[in-house]
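Chain residues, written in single-letter form:
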Amino acid sequence: MSAPISGRINMGSIRAKMVAAFAVFILPFGIAHAQLPFWPQYRSWWGHHAPFRHKHQHRHTKSELVKSAQINDAPQGPLQIIISIADQRVSLYDNGALIARSSVSTGTQRHPTPLGVFSVISKQRWHRSNLYSAAPMPYMQRITWSGIALHAGVLPGYPASHGCIRLTNGFATRLWHLTKRGTRVIIAHDDVQPVEITNPHLFKPKPASGSTESRTATVPASSINTPAATDEAANLQVPGSVPTGVAPQKVVPISVFVSRKLRKLFVRQGFTPLFDVPIKIQNPEEPLGTHVFTAMEFQNEGAAIRWTVVSMPEELPRMSRDSAKEREAPAKQIIESTLPVPLPDKANTALDRIEIPQDVVERISELLTPASSLVISDHGISHETRKDTDFIVVTQ
């Protein structure tokens, strides 16, 4: 027997309301995805992950997320996460090329997000704040031991966090599956980006004339026991350095830090300190700036290496509480911007002023591999730099 006409009309009205409500619910996610330009080779991977919504959801989708993250979507080279406070935006670079971009919400005036050079030091899919009433921090990626992290959260359109970098749900999920411990994170006032650079003072690979171990700075995979070394190591192979039939070894990049304040050079490999030496700096009273150089890939069959650099903009004073109306002003007005300068020129000038002993240059050249880095800064090593971390430099 068919239902009365009035009943069918009511059911139709209810269905229409449900469809309309569902459309309103999914619309923001569609808009968010439309704002993210992804390179074609990453489009399928970034499209496979649903935004995080509830604590129990990640349990149900864990295997699916991990599986989809492993399908032909390994980074092509070193990853760099760059956050612009003025733009309230995060940009993701792979091998020096922009692959994704999204909005963020950083710290308020009372709880500002620190500026400087960081890296991912720990990750947790579901985390609660140890400082702020156990607030949920899904897809957390810690960059300081004092509590600053990237994680999914509410983005009201202005700085609203206690210092963390809040990401959209979908972006946080996808980024979490792509990064590893040691992934570089740079936080600056204004937008900065990696640019290619060549300079005779940049480290060069040592010519292949010696043992495989010294040339490639590798260790057998079985001997890498620490989580830090395991995350940083990559299956890289220097052309012609590994004999036929020999199993590939894990390559552990090195990190070099030059401090004008300390007038010293420090070297770490796999987050483990190797050595430090004094250096000379021409006109030591004049600033060098802060520059992050990254070795991308070998060239000319291992005889050379391609470098990029990210130069931090000049430091700007933070605004007072009385002068900032964060809820009323667009993000661009919260922190004043400076005119862009030729970034490679400033980086080249900094390199030209630093004098490193030749024996140290040769020692570093023996260890040089893709994903190795050189950080030059006026500042010293932050107290956040501890065991099993890369160099952390807080500029403000």
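Quantities reported herein were computed from a predicted structural model and do not represent experimental measurements. (Residues numbered from 1 in each chain as written. Predicted model: local features only at pLDDT ≥ 70, side-chain atom pairs only at ≥ 80, totals over all residues. Heavy atoms only, no water.)

## Some thoughts on the overall build of the protein chain
Stage number 1. Along its length, the protein chain carries nine helices and 21 strands.
Stage number 2. When the 396 residues of the protein chain are sorted by exposure, 48% land in the buried category.
Stage number 3. If you take every contact in the protein chain between residues at least 6 apart in sequence, the share linking residues at least 24 apart comes to 68%. (Helix = DSSP H or I, 4+ residues; strand = E, 2+ residues; numbered from the N terminus. Buried < 20%, exposed > 50% of the residue type's maximum accessible area, 1.4 Å probe, protein only. Contact = heavy atoms within 4.5 Å.)

## Let's talk about the pairing of strand β13 (residues 254-259)
Stage number 1. Of all six residues in β13, six are buried; the element is thus mostly enclosed.
Stage number 2. Every second residue of β13 is oriented toward a common face, with Ile254, Val256 and Val258 on one face and Ser255, Phe257 and Ser259 on the other, all of them buried.
Stage number 3. Connecting the antiparallel pair β13 and strand β14 (residues 264-269) is a turn made up of four residues, with arginine 263 showing a positive phi of about 55°.
Stage number 4. With five bridges joining them, β13 and strand β20 (residues 373-377) adopt parallel strand pairing. Bridge assignment links serine 255 to a residue of β20, and that residue is serine 373. (Pairing = 2+ DSSP bridges.)

## As for the nonpolar core
Stage number 1. Membership of the largest hydrophobic core comes to 29 residues, with the highest contact counts inside it found for Leu265, Phe293, Trp307, Ile364 and Leu374.
Stage number 2. Sorting the residues of this core by element identifies β13, β14, β15 (272-278), β17 (291-299), β18 (304-311), α8 (343-353), α9 (358-367) and β20 as the ones contributing at least two each.
Stage number 3. Dropping the residues within four chain positions of it, tryptophan 307 is found in contact with Val195, Glu196, Ile197, Leu202, Phe203, Phe293, Thr294, Ala295, Leu368, Ser372 and Leu374. (Core = buried A, V, L, I, M, F, W, Y, C linked by side-chain atoms within 4.5 Å.)

## Some words on unusual backbone geometry
Stage number 1. In this structure, phenylalanine 271 is a non-glycine residue whose phi angle is positive, near 75°.
Stage number 2. Counting through the fold element by element, phenylalanine 271 comes out in the loop between β14 and β15.
Stage number 3. Even without being a glycine, asparagine 283 presents a positive backbone phi close to 50°.
Stage number 4. Examined against the element boundaries, asparagine 283 turns out to sit in the loop between β16 (280-281) and β17.

## Remarks on the pairing of strand β1 (residues 79-84)
Stage number 1. The element β1 is largely enclosed, with a buried count of six among its six residues.
Stage number 2. Burial along β1 is two-sided: Leu79, Ile81 and Ile83 and Gln80, Ile82 and Ser84, pointing in opposite directions, are all buried.
Stage number 3. Linking β1 to strand β2 (residues 89-94), which pair antiparallel, is a turn of four residues; within it glutamine 88 sits at a positive phi near 50°.
Stage number 4. Relative to strand β9 (residues 184-188), β1 is paired through five bridges, and the arrangement is parallel. Residue isoleucine 83 lies in a different strand from β9, and its bridge partner there is isoleucine 187.

## Digging into the side chain of threonine 113
Stage number 1. Structurally, threonine 113 can be placed in the loop between β3 (97-105) and β4 (116-119).
Stage number 2. A distance of 2.8 Å separates a polar side-chain atom of threonine 113 from the backbone nitrogen of glycine 107. (Polar contact = N/O pair within 3.5 Å; in protein donor to acceptor, adjacent residues only side chain to side chain.)

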